Amino acid sequence: MAEHLAVNAEDHALALFQRCAVEVPAYRHFLATRQINPADITTYQKFLDLPLMGKSAYMQTYPLPDRCFGGSLKGADRVAVSSGSTGQPTFWPRSATYELDVALRFEQVFHDSFRAHERSTLAIVCFALGNWVGGLFTTSCCWHLAQKGYPLMVATPGNNKSEIFRVVRELAPHFDQTVLLGYPPFVKDVIDAGIAENIDWHNFHVKLVFAGEVFSEEWRELIGQRTGSTAPCFDSASLYGTADGGVLGNETPLSIAIRRWFARHPAAARQLFGESRLPTLVQYDPVSRFFETQEGTLVVSGENSVPLLRYHIADKGGLIRFDEMRAFLESQGVKALNQLDLPNDFQPRELPFVYVFGRADFTVSYYGANIYPENVSVGLEYPDIMGWVTGKFVLETRESGDGDKILHIAVELLPGMAANETMAPMIAESIRKELLRLNSEFAHYTPTERQMPQVSLHAFADPEYFPAGVKHRYTRK
């Protein structure tokens, strides 16, 4: 599983540009309409002056075949569909050839964290199946590992809980470990509902693979307690992926250990990341997926059936070289791996880091403070509260009859859970406490008498705030 360490990532990105300028009709036209002669782009510095790709100006402007190598879909053998959370769903043709490169991100997790090359493993895909990218993409990458020789069986119940439980009961006892792969809120639902159905997750040496959402380290700790995790840096991992680019990076034991340290040191996190919330922190291979930043958002280049050249994915985040991260931690007094709760003989991969906050506009403004969903999530993750709620909420600002701003949070209750008079005040106080701890803008901008949020409790799958079958949004403008 060698990384591309002998390849210069900048030269590789420039070579991809030169190939696309010749072989991709849409990109040739995209450059021509901007009076760019590809022959003039001979250095990496000139590469940085190329226009950004985007969904509206490129992906939704040119016919799908023209965006592929050779102007044809012949090289692709499968297709995925983006979720459409920011607009019209987009089709993304793929091929097994390009998928093999992305499957290395899964292999890093299964090899380095789960030791799946040494242990028989049942991988249960809990992402929705169908054209949406998560389920079949994950399944395919896991199959690649099995074909490579990993003692791995892949089960695909999708997001059907009863089928997941049937797989667990019938198959999990025959394997050394069981891996659940899915979106964080759904995986939590599976674990909680399984406990209610007398599934003892501790018996199955459960590992978890997440994607799609930022979560707190308190949340990881809570889920780990319910599954019997004894090594939080090795028992779960989150993937940073998109339908258009595949898996762009993955959590590693090192990145998790560092993130857990930052969760205990919020001032240091604000110093490095520039915000009061904790981002997803992953490592990436810059030859497979080449990242840049543009005004605080991420830009990626990578080879696919529809290649990406300086593609603006509109995620807020940034990049940190491996040596920069090590130097920062040392400046904070962290000079050995055991200070990060890792064994001193652990050999980390010396890959760069990308940190991701999510879409740049998923905030609400309250008394001039940007309130992030991640700050609210932590307030819901106390054990007593998690026994009442699913973890889903909608954050919004309202105006009272007197014109005062109100920070309102609609919270979804667990199935069958009835609200009582003590719940909302307890949840509101927990959220206020975490906002004051984690969000310095909230602490400094919001008048003391306006810091307590207004919490409303809603039944599971409430159609106004939590409709079933719709991609959930945690903020409402």
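Scroll up to find the structure this text is about.
Residues numbered from 1 in each chain as written. Predicted model: local features only at pLDDT ≥ 70, side-chain atom pairs only at ≥ 80, totals over all residues. Heavy atoms only, no water.

Caption draft 1: Spatial organisation of the packing of aromatic side chains. Taken as a whole, this structure holds 25 aromatic pairs when the rule is applied. Taken together, a centroid distance of 5.2 Å and an interplanar angle of 85° make the contact between Phe30 and Tyr58 edge-to-face. In this pair, Phe30 sits in helix α2 (residues 25–32) while Tyr58 sits in helix α4 (residues 55–59), placing the two residues 28 residues apart along the sequence. Across the pair, exposure class does not vary: Phe30 and Tyr58 are buried alike. Look at Tyr284 and Phe291: their rings are 4.9 Å apart centre to centre, the planes differ by 85°, and that puts the pair in the edge-to-face class. Of the two residues, Tyr284 and Phe291, both sit in the buried class. Through successive ring pairs, a cluster of aromatic residues spans Trp261, Phe262, Phe273, Phe328, Tyr355 and Phe357. Positioned above the aromatic ring of Phe69, the side-chain terminus of Arg19 is 3.8 Å from the ring centre. Taking NZ or CZ as reference, Arg259 lies 5.8 Å from the ring centre of Phe215, over its face. (Phe/Tyr/Trp six-rings, centres within 6.5 Å; stacked < 30°, edge-to-face > 60°. Helix = DSSP H or I, 4+ residues; strand = E, 2+ residues; numbered from the N terminus. Buried < 20%, exposed > 50% of the residue type's maximum accessible area, 1.4 Å probe, protein only. Lys NZ or Arg CZ within 6 Å of the ring centre and 35° of its normal.)

Caption draft 2: Inspection of the nonpolar core at higher detail. The biggest cluster of nonpolar side chains holds 66 residues, and the ones touching the most others in it are Phe17, Tyr27, Phe47 and Phe110. It is helix α1 (residues 9–23) that contributes the most residues to this core, seven residues altogether. Every residue in contact with Phe17, bar those within four places of it in the chain, is listed here: Tyr27, Leu31, Pro38, Ile41, Phe47, Leu50 and Leu309. Formed by 27 residues, the second largest nonpolar core is a distinct cluster that contains Ile258, Phe273, Val334 and Leu342. (Core = buried A, V, L, I, M, F, W, Y, C linked by side-chain atoms within 4.5 Å. Contact = heavy atoms within 4.5 Å.)

Caption draft 3: Region of the structure containing the packing of helix α9 (residues 217–227) against helix α10 (residues 253–264). At a minimum axis separation of 10 Å, α9 and α10 run at an interaxial angle of 115°. In terms of orientation, α9 lies roughly perpendicular with respect to α10. For the pair α9 and α10, the contacting residues are Glu217, Arg220 and Glu221 in the first and Ile256, Arg259, Arg260 and Ala263 in the second. Taken together, the residues that form the contact of α9 with α10 break down as two nonpolar, no polar and five charged. (Axes fitted to C-alpha atoms, helices over the stretch in contact; angles between N-to-C directions. Parallel < 35°, antiparallel > 145°, perpendicular 65-115°, else oblique. Nonpolar A, V, L, I, M, F, W, Y, C, P; charged D, E, K, R; others polar.)

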